[in-house]
Amino acid sequence: MTRLVAIAAMVVAASAARPPAQAYLKLGALLNGTVVDVTWREPVPYFVSELGAGSASAADLRGAVARAAATWAAVESAQVQFAFQGMTTALPEVIDGRTTIGFLDRPDLDQVLGATSFMIDTSTGAIIEADVFLNSRFLWSVAPAGVPGRADLESVALHELGHLLGLSHSAVGETERTSGGNRRVTASGAVMFPIAMSAGTIAERVLHPDDIAGISDLYPTAAALSETGAIVGRVTKNGQGVLGVHVVAFSPETGVLIGTFTLNMEGEFVIARLPAGPYVLRVEPLDDADPESFFSAPIDVDFGVTYAPRMVVAPAGGSSRSIEIRVSAR
Amino acid sequence: MRLCLSTLAICVGLVTSSFAVTVAPLTFEQLVNQSAAVVFGRVVEVRSDFTDDRRAIQSVVTVEVLRGIKGRSGDTLSFTTPGGQAGRYLNVIPGAPVFSRGDLAVFFVSSRGARLPVTTGFTQGIFRVQRGAANQMIVNQKVPVPLTTFEANVRAIVDATR
């Protein structure tokens, strides 16, 4: 019965009203020729696996997931709910029609802290299940203040639950090489940034405006629909659209920073669910995260940072007029 | 769960790929040193099926080696990536690399003993290559570089650690 419920509940939701350039930060599915969002239509039912990791117990995981779920559910402009179904002996890799969150020993993914996996029945378009695993190869912590050298379970769970809800990665973040040659995240403007902050950090237990805009775009409340706006536009180079450009909207009034991408060959973009108001638009190559985390095709990164020629207003309950931003090769 | 072949009605991530991992970053030096082989190649086959324990679907990606850069490699190299389609079931691992026949890239792969290798650092071990101006092969990275320069950078690290 569980499986039937899951299949019925987790359908790929088509939204014919979406702008042509599918919005940022979201998992996309091509259903009968139309790209649609992946969303849940009822509280997300999930089980937690009873198998612990060496550094964290199943109870630790259950608690961390519950806190992460509560963080997503607390977003005022989105209608998100989770429903804990209980503990299970199943691992988060078994195809059983249940959404299971748990630890797995994945030495083959030794750089991966966690991942979310969707199983879809292509004959119906239904998502049969979506499991989340945390890699028990890593040392984990659930300490309120974090533990140096250990990855924060709640932070990673928050990221993976974002995927479970249908969000994809955000590029609002910065990395740098340290003097020792290591690479580290210096600033993350989104929980959905694909690279983890340094072990021991608990800063990513809190959602950023970029995450909130994304989840509000997937599960908007009535108030969000009427109070937020979208900025639409196109990025071109030598008169041609550019795929994979990172477009960032910055509000000088509030400091809000929300990003998106151009997601088609016409270079079109849509940044939806922006708090209404004026924004500075900056376009830049995707250069601070692994492009393969975002695109499975080559993208153009051969252009310099460019700003829109004027500020653009996201009108409450509507969209801006389309703006073209022209970039040049470096 | 019974499987049957079905016409593909849905596929995920054509435009936006799909993503869902939190990755501990490697430096380029670590990437080179942790890889058993580094090759520039073209994807010639992607074959997906259930794993032996039937718990998940994985894809075996076969690459025609156009140039070996590190390690021993034959004419072709195969590695696995999580996810793919088996019959009517499509397993999408957001963040996992997705390949199509004809894709060009520099692949960094890690050995796993008797099993097929995987890309080093998951998505970090893949650098897509495309033709740039003047028909030059360009490696997509933070600052795009000619493929020849990229290869030289890899070899310099290999030579330095010998």
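Reference entry: report on the structure contained in this document. Quick caveat, the model's predicted, so the values are computed rather than measured.

Another point: the overall build of chain B. A count of helices and strands for chain B gives 2 helices and 12 strands. Starting at the N terminus and ending at the C terminus, chain B contains elements arranged as β-β-α-β-β-β-β-β-β-β-β-β-β-α. Residues classed as buried in chain B amount to 44% of the 162 residues present. Restricting to contacts in chain B with at least 6 residues of sequence separation, those with at least 24 account for 59%.

Another aspect to go through is the overall build of chain A. Helix and strand counts for chain A stand at 5 helices and 20 strands. Looking at chain A residue by residue over its 330 residues, the buried ones come to 51%. Sequence separation of 24 or more characterises 69% of the internal contacts of chain A that already satisfy a separation of 6 or more.

Residues and elements named next belong to chain A. Given a rise of 1.5 Å per residue, 12 residues ought to cover 16 Å, and the 16 Å separating the end C-alpha atoms of helix H3 (residues 153-164) matches this to within 8%. Most of H3 is tucked away: 12 of the 12 residues are buried. For H3, every residue scored as buried is listed here: Leu153, Glu154, Ser155, Val156, Ala157, Leu158, His159, Glu160, Leu161, Gly162, His163 and Leu164. One or two positions beyond H3, positive phi appears at Gly166, with a value near 115°.

Looking now at the environment of Thr123 of chain B. Considering the arrangement of structural elements, one finds Thr123 of chain B in the loop between strand E9 (115-119) and strand E10 (126-131). Expressed as a C-alpha distance, the spacing of Thr123 of chain B and Val98 of chain B, which sit 25 residues apart in the sequence, is 9.7 Å.

Let's shift gears to the pairing of E10 of chain B. Residues and elements named next belong to chain B. Looking at chain direction, strand E8 (residues 104-112) and E10 are connected through 3 bridges and run antiparallel. By the bridge assignment for E10, Val106 is matched with Phe127. Where E10 meets strand E11 (residues 137-139), 3 bridges bridge the pair, whose relative direction is antiparallel. In the sheet register, Arg131 faces E11, and the bridge partner there is Met137. Counting the residues in the hairpin turn of E10 and E11 gives 5 residues, including Ala134, whose phi is positive at 60°.

Turning our attention to the environment of Tyr219 of chain A. Residues and elements named next belong to chain A. On the secondary structure map, Tyr219 appears in the loop between helix H4 (209-218) and helix H5 (222-227). Judged by the 21 C-beta atoms lying within 10 Å of it, Tyr219 is buried. Between the alpha carbons of Tyr219 and Gly114 there is a distance of 24 Å; along the sequence they are 105 residues apart. Other than its neighbours up to four places away in sequence, Tyr219 contacts Thr39, Ala78, Gln79 and Val80.

Time to look at helix H2 (residues 147-160) of chain B. Residue and element names in this part refer to chain B. Between the first and last C-alpha of H2 there are 20 Å, a value that for 14 residues agrees with the 20 Å anticipated at 1.5 Å per step. Among the residues making up H2, those that are buried are Leu147, Phe150, Glu151 and Val154. In a view along the axis of H2, the buried residues occupy a sector of 100°, so they form one face of it. Of the residues in H2, the exposed ones pointing more than 90 degrees away from the buried face are Thr148, Thr149, Ala152, Ala156, Asp159 and Ala160.

Now for unusual backbone geometry. Residue and element names in this part refer to chain A. Although it is not a glycine, Asn238 adopts a positive phi angle of roughly 55°. Considering the arrangement of structural elements, one finds Asn238 in the loop between strand E12 (228-237) and strand E13 (240-241). We note that Arg273 has phi near 60°; this positive angle belongs to a residue other than glycine.

Moving on to the environment of Ser170 of chain A. Along the chain, Ser170 of chain A falls in the loop between H3 and strand E10 (173-177). Expressed as a C-alpha distance, the spacing of Ser170 of chain A and Arg41 of chain A, which sit 129 residues apart in the sequence, is 23 Å.

Residue and element names in this part refer to chain A. Packing of helix H2 (residues 58-73) against H3 leaves a shortest axis separation of 8 Å and a crossing angle of 55°. Taken together, the axes of H2 and H3 are oblique relative to one another. Read as a crossing pair, H2 and H3 show a hand that is right-handed. In this structure, H2 contributes Asp60, Leu61, Ala64, Val65, Arg67, Ala68, Ala69, Thr71 and Trp72 to the contact, and H3 contributes Leu153, Glu154, Ala157, Leu158 and Leu161. Split into classes, the residues belonging to the contact of H2 with H3 amount to 10 nonpolar, 1 polar and 3 charged.

Scoring rules and cut-offs
- Residues numbered from 1 in each chain as written.
- Chains lettered and ligands numbered in written order.
- Predicted model: local features only at pLDDT ≥ 70, side-chain atom pairs only at ≥ 80, totals over all residues.
- Helix = DSSP H or I, 4+ residues; strand = E, 2+ residues; numbered from the N terminus.
- Buried ≥ 20, exposed ≤ 12 C-beta atoms within 10 Å, placed from the backbone.
- Contact = placed C-beta atoms within 7 Å.
- Expected span 1.5 Å × (residues − 1).
- Pairing = 2+ DSSP bridges.
- Arc of directions from axis to C-beta.
- Axes fitted to C-alpha atoms, helices over the stretch in contact; angles between N-to-C directions.
- Parallel < 35°, antiparallel > 145°, perpendicular 65-115°, else oblique.
- Left-handed = near helix turned anticlockwise from the far one by under 90°.
- Nonpolar A, V, L, I, M, F, W, Y, C, P; charged D, E, K, R; others polar.

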